Amino acid sequence: MNEDTICAIATAQGGALGIIRVSGPDAIAIVDGIFFPSSIERKLSLKKSHTISHGLIKDSNDEVLDEVLVSLFKSPHSYTGEDSIEISCHASPYILKTIMQLLIEKGCRQAEPGEFTLRAFLNGKMDLAQAEAVADVIASETSASHKMAISQMRGGVSRELLTLRDKLLNLTTLLELELDFSDHEELEFADRKSLLLLTQETEGILQKLVNSFSLGNAIKNGIPMVIVGKPNAGKSTLLNALLEDDRAIVSNTPGTTRDTIEELLNIGGITYRIIDTAGLGKTQDEIEHMGVQRTLKKLSEAKIILLVVDATLDEPIYQFPKDILSSSEDKRLIIVYNKIDIASKVLRDKKSSFENGMFKSVESICISAKMKTNIDELKSLIASDATFSSLLSSDTVLTNVRHYETLKKALTAIQRVKDSINSNLSTDLLSQDLRESMHLVGQVLGDEITSGEVLENIFSNFCIGK
């Protein structure tokens, strides 16, 4: 794959400048064939790495196509680890297309999606976890998702996994020695007490990484936050107030919202997937009933629940179904007492019915969604979750599904090692599970990836030019 030279437009349409990237063994010679440096400049092949040259690109008829800057990066000190060049030109579609045609005529080929980053991985410039984080950096839309992606691209997760893999490797080596000398039953290279302690430490690290995926993935894709409550409590009005836009239809008629409405809300650099739902309660209307069922499904997926209560009514707060409560340990419940602009008094004493450990936390606030009273305070309350703050300050947060699934298997394997030690099982069983755990950790880093199909699948979602 790396024997040819690739090129691609690396910038989106619509700007003033465009960049074309070239990488491969003939990158410098090919660009030298179409680039004519200014009189004081030398040929690119004679210049030092990490220099910029000014000059002209000429077409096959020796006509000036554009005045450009050419950045030179010689192997191995480039993004891909190969000789690489970036041509900065004007962003005219004609200019970009013609330069690409000239490069291809001289021996380049059009790069595949993600091929520059794939070459960086194959040439040892980054491990696979870091390479996959490049796509997340490009796709990040908030400061929170950007911070996590940058941390992973700079090796936050990789460093932890490398340390973990080294420990597993040393341990596996000692057990393999025991197997080599299995005819000497008195020999024990790996002390079982020390082995158990190391196994428990390894299990803790893997468990922490696996547990981080739920919130890490939520921050990456938007933390699911569901607005629920009885009909006509003001859920849609609250959605509009939070979004500062008339997104949902508002009516005094109960049951106006019959389906879920989902929008993105950015608070303090974190994206929340805020979902307005059908009013909860018994109904004879088949469509309303379907809406309620969808609401219950969204509730089960939510990290934050905004329970909207009509403060003008002296009635019991809606009680969640048992199946929702049974899976609510990681959910925040914020009881939002609405319509305080017309309520004679606000009854907040019923909040205590939820304070029995069913939810991760239970908080409350009084607002008027219609008058937008205390909406900013509600946003501050939503963003005050210490769990997300601590997560964003950590360098070891999983956001990639492939990493999560692979490390879950590694965790299962190391748990089998622990059980085998406690059961005093044979060395060969211990060694087999340790080896599996080590290989799985290696798969995240790319050490154990041998199938071209796996790599093609990973990088196929990248944009061309990256």
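Residues numbered from 1 in each chain as written. Predicted model: local features only at pLDDT ≥ 70, side-chain atom pairs only at ≥ 80, totals over all residues. Heavy atoms only, no water.

Quick look at the packing of helix α7 (residues 192-221) against helix α13 (residues 401-422) now. In the contact formed by α7 and α13, the axes pass within 9 Å of each other and the chain directions differ by 155 degrees. Between α7 and α13, the crossing angle belongs to the class labelled roughly antiparallel. Crossing geometry of α7 relative to α13 is assigned as left-handed. Where α7 approaches α13, its residues Arg192, Leu195, Leu196, Thr199, Gln200, Thr202, Glu203, Leu206, Gln207, Leu209, Val210 and Phe213 are matched on the opposing element by Val401, Tyr404, Leu407, Lys408, Ala410, Leu411, Ile414, Gln415, Val417, Lys418, Ile421 and Asn422. A breakdown of the residues in the contact of α7 with α13 according to their chemical character gives 14 nonpolar, six polar and four charged. (Axes fitted to C-alpha atoms, helices over the stretch in contact; angles between N-to-C directions. Helix = DSSP H or I, 4+ residues; strand = E, 2+ residues; numbered from the N terminus. Parallel < 35°, antiparallel > 145°, perpendicular 65-115°, else oblique. Left-handed = near helix turned anticlockwise from the far one by under 90°. Contact = heavy atoms within 4.5 Å. Nonpolar A, V, L, I, M, F, W, Y, C, P; charged D, E, K, R; others polar.)

Reading across the sheet, the seven strands line up as β3-β4-β5-β6-β2-β1-β7 and stay open at both edges, with mixed pairing between neighbours. The open sheet has two edge strands with one neighbour each: β3 (35-37) and β7 (109-110). Here four bridges tie strand β1 (residues 6-9) to strand β2 (residues 17-23), and the two strands are oriented antiparallel to one another. Directly across from isoleucine 9, in β2, lies its bridge partner isoleucine 20. In the packing of helix α3 (residues 115-122) onto the sheet, contacts are made with β1, β2 and β7, and the angle to β1 comes to roughly 135 degrees. (Pairing = 2+ DSSP bridges.)

Taken over all residues, the pLDDT of the protein chain has a mean of 80, while the share at 70 or more is 80%. Here helix α15 (residues 452-459) is the element of the protein chain with the lowest mean pLDDT, 63, and strand β6 (residues 84-90) is the one with the highest, 96. Of the regions scoring below 50 in pLDDT, residues 249-258 engages in 22 contacts with residues more than four places distant in sequence or in other chains. This stretch, residues 283-287, has a pLDDT under 50; its non-local contacts, to residues over four places away or in other chains, come to four contacts. (pLDDT = per-residue confidence, 0-100.)

Let's shift gears to the side chain of arginine 21. Along the polypeptide, arginine 21 turns up in strand β2. Residue arginine 21 is classed as buried on the basis of its relative accessible area of 9%. (Buried < 20%, exposed > 50% of the residue type's maximum accessible area, 1.4 Å probe, protein only.)

Within β2, five of the seven residues are buried, leaving the element largely enclosed by the surrounding structure. Pairing of β2 with β6, which is carried by seven bridges, proceeds in the antiparallel orientation. Note on β6: the bridge partner recorded for glycine 18 is cysteine 89.

All right, on to the sheet that holds strand β9 (residues 261-267) then. An order of β9-β10-β8-β11-β12-β13 is seen for the six strands of this open sheet, with the pairing classed as mixed. Each edge of the open sheet carries a strand with a single partner, namely β9 and β13 (361-366). Geometrically, the sheet is characterised by an average inter-axis angle of 25 degrees between neighbouring strands, direction not taken into account. With five bridges joining them, strand β8 (residues 223-229) and strand β11 (residues 304-310) adopt parallel strand pairing. Looking at β11, one finds that glycine 229 is bridged to valine 308.

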